[in-house]
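A look at the structure
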Amino acid sequence: MMRRMVGLVAALALAAGTVVGAPGTRNAAATTTEPTGPTAKASVTFDVDTGKVIDAGNAREPVAVASTIKLFTALIAKANISMNAQVPITRQAAEVSPLKLTMEPGSHWRAGDLLHAMLIASLNDTAMALAIEAGGGSLAGFDREVAAESALLGLADHPKVQDPSGLDGPDSVGGGNLISARDLAIVTRAFLADPSLAEIVRMPDYHFDGGDGKPHVVYNHNAFLNIYPDAIGVKTGYTDRSGHSLVAAATRDGRTLATVVIGSPDPVAFATAHLDAAFAAGPDTPGTGDVLPERKPPPTSVTSTTATAHPAEVPAEVRPVEASGFGPWFIGAAMVLAVCVLATLTIGVRRRARAGAPRSRSGRS
């Protein structure tokens, strides 16, 4: 219990701290008129439903984004792991640097509980455990899933995603991650399109029984949820290299808007100012002219579709005949029966015709 309390205090301290640094340069070609206030290394404000980019700054440069990359890890985990599966904890996952749930190597924890702990409390060991499981037991497999998911999402700025928890220091995997604010916005849009994932990041806390047989509770340290009216998430992040980052979203008057803020001395204030301006501009604002793509469905062959999908989910033109209850054996039997009936009728007609005709006498016409 004391270890979890220390972790919580550390998380709150990180969320409340500030980073002083030179403002990042902004890409004038991608920036519209924006509110004054805190600066950021990179940012994108967009409409979640339509993908319209309302405001952007330095949006196409890959940068370190800390724990906000856990949104990407969550998408890959959800696509590759049953949430009721028991995930084995490897030594590599157990030894990840704090913040962590502190799981013993060789223990097994429910995937859904690990997902909640990763997204709500940003625990790094849970991210690593999910990534290894999603990769079929290795981070090499996770790398392949990252490449596949990047293609489905339409990420276009050559992201480098190697550490599933967002670490980028000496203890990170491969030196950490680099992803553009625009690509992270695409990830965010796909994340929020999954109702079960979107619901998790709104939770103030989550209680569960762990693989150690003990009760656990994790707390959400995203201050934006308590500060901004109509906030629905999404994820905080901080490292010395990336600075403070925030992916923030809110729903108001039937519109859901989100902003990705990377490397800001005050990401909550930045997100507040940009979301307020975007809501005030209304749905008809021209924005930057850029539209974020939607996630493509994974490629599926006709054979695999008919073998694995529920009958109601398979288009009628590719469903096997058995789905309607009339298999090939039934059709063949029906055809044989029809031939027999036709032959019987034909013989009967001929017999009746011969019986009714006048009989001829021998030698006479």
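Overview of the structure.

Right, let's talk about the sheet that holds strand β8 (residues 243–252) for a bit. On the basis of which strands lie adjacent, the open sheet formed by 5 strands has the order β2-β1-β9-β8-β7 and antiparallel pairing. Edge positions in the open sheet fall to β2 (53–57) and β7 (231–239), since each of these has one partner strand only. The sheet shows a mean angle of 5 degrees between the axes of neighbouring strands, taken without regard to direction.

With that out of the way, let us pick up the packing of aromatic side chains. Applying the stated criterion across every chain yields a total of 3 aromatic pairs. Geometry around F279 places R252 over its ring, the cationic atom sitting 4.6 Å from the centre.

Our focus in this paragraph is the nonpolar core. Counting 74 residues, the largest nonpolar core has F72, L115, L119 and F191 as its most contacted members. If you look at the next biggest cluster of nonpolar residues, it comprises 17 residues, including A40, F224, L225 and A250.

What follows covers the pairing of β7. Among the 9 residues that make up β7, 8 are buried, leaving the element largely enclosed by the rest of the structure. Joining the antiparallel neighbours β7 and β8 is a turn of 3 residues.

P98 connects to L99 through a cis peptide bond whose omega is 0 degrees. Inspection of the secondary structure assignment puts L99 in the loop between α3 (91–94) and β4 (108–110). Non-glycine residue H158 carries a positive phi angle of around 55 degrees. Looking at where H158 falls in the secondary structure, it is placed in the loop between α6 (139–153) and α7 (181–192).

What follows covers the pattern of salt bridges. Close approach of charged atoms lets side chains of opposite charge pair. Inspection of the entire model under this criterion finds 8 salt bridges. For R110, the salt bridge is made with D113, and the minimal N-O distance between the two is 3.2 Å. On the basis of relative accessible area, R110 is assigned to the partly exposed category, the value being 25%. Linking R295 and E149 is a salt bridge whose minimum nitrogen-to-oxygen distance equals 2.7 Å. Taken together, the residues span a long stretch of sequence, with R295 in the loop between α10 (267–281) and α11 (302–308) and E149 in helix α6 at a distance of 146 residues. Look at the salt bridges and you will find they share partners, linking D230, R252 and D276 into a network.

The subject of this paragraph is the environment of A249. Looking at the secondary structure, you find A249 in strand β8. For A249, a relative accessible area of 0% puts it in the buried group. Between the C-alpha atoms of A249 and I232, which are 17 residues apart in sequence, the distance is 5.6 Å. If we ignore the near neighbours within four places in the chain, the residues touching A249 are L192, F224, D230, A231, I232, G233, V234, L257 and A258.

With their axes 9 Å apart at the nearest point, helix α2 (residues 70–80) and α7 run at an angle of 45 degrees to one another. Between α2 and α7, the angle is such that the two are oblique. The handedness of the crossing between α2 and α7 is left-handed. Note on element contacts: α7 touches α2 through V187, T188, A190 and F191, opposite L71, F72, A74 and L75. Each residue belonging to the contact of α2 with α7 can be placed in one class, and the counts come to 7 nonpolar, 1 polar and no charged.

What counts as what
Residues numbered from 1 in each chain as written. Predicted model: local features only at pLDDT ≥ 70, side-chain atom pairs only at ≥ 80, totals over all residues. Heavy atoms only, no water. Pairing = 2+ DSSP bridges. Helix = DSSP H or I, 4+ residues; strand = E, 2+ residues; numbered from the N terminus. Axes fitted to C-alpha atoms, helices over the stretch in contact; angles between N-to-C directions. Phe/Tyr/Trp six-rings, centres within 6.5 Å; stacked < 30°, edge-to-face > 60°. Lys NZ or Arg CZ within 6 Å of the ring centre and 35° of its normal. Core = buried A, V, L, I, M, F, W, Y, C linked by side-chain atoms within 4.5 Å. Buried < 20%, exposed > 50% of the residue type's maximum accessible area, 1.4 Å probe, protein only. Salt bridge = Lys/Arg side-chain N within 4 Å of Asp/Glu carboxyl O. Contact = heavy atoms within 4.5 Å. Parallel < 35°, antiparallel > 145°, perpendicular 65-115°, else oblique. Left-handed = near helix turned anticlockwise from the far one by under 90°. Nonpolar A, V, L, I, M, F, W, Y, C, P; charged D, E, K, R; others polar.

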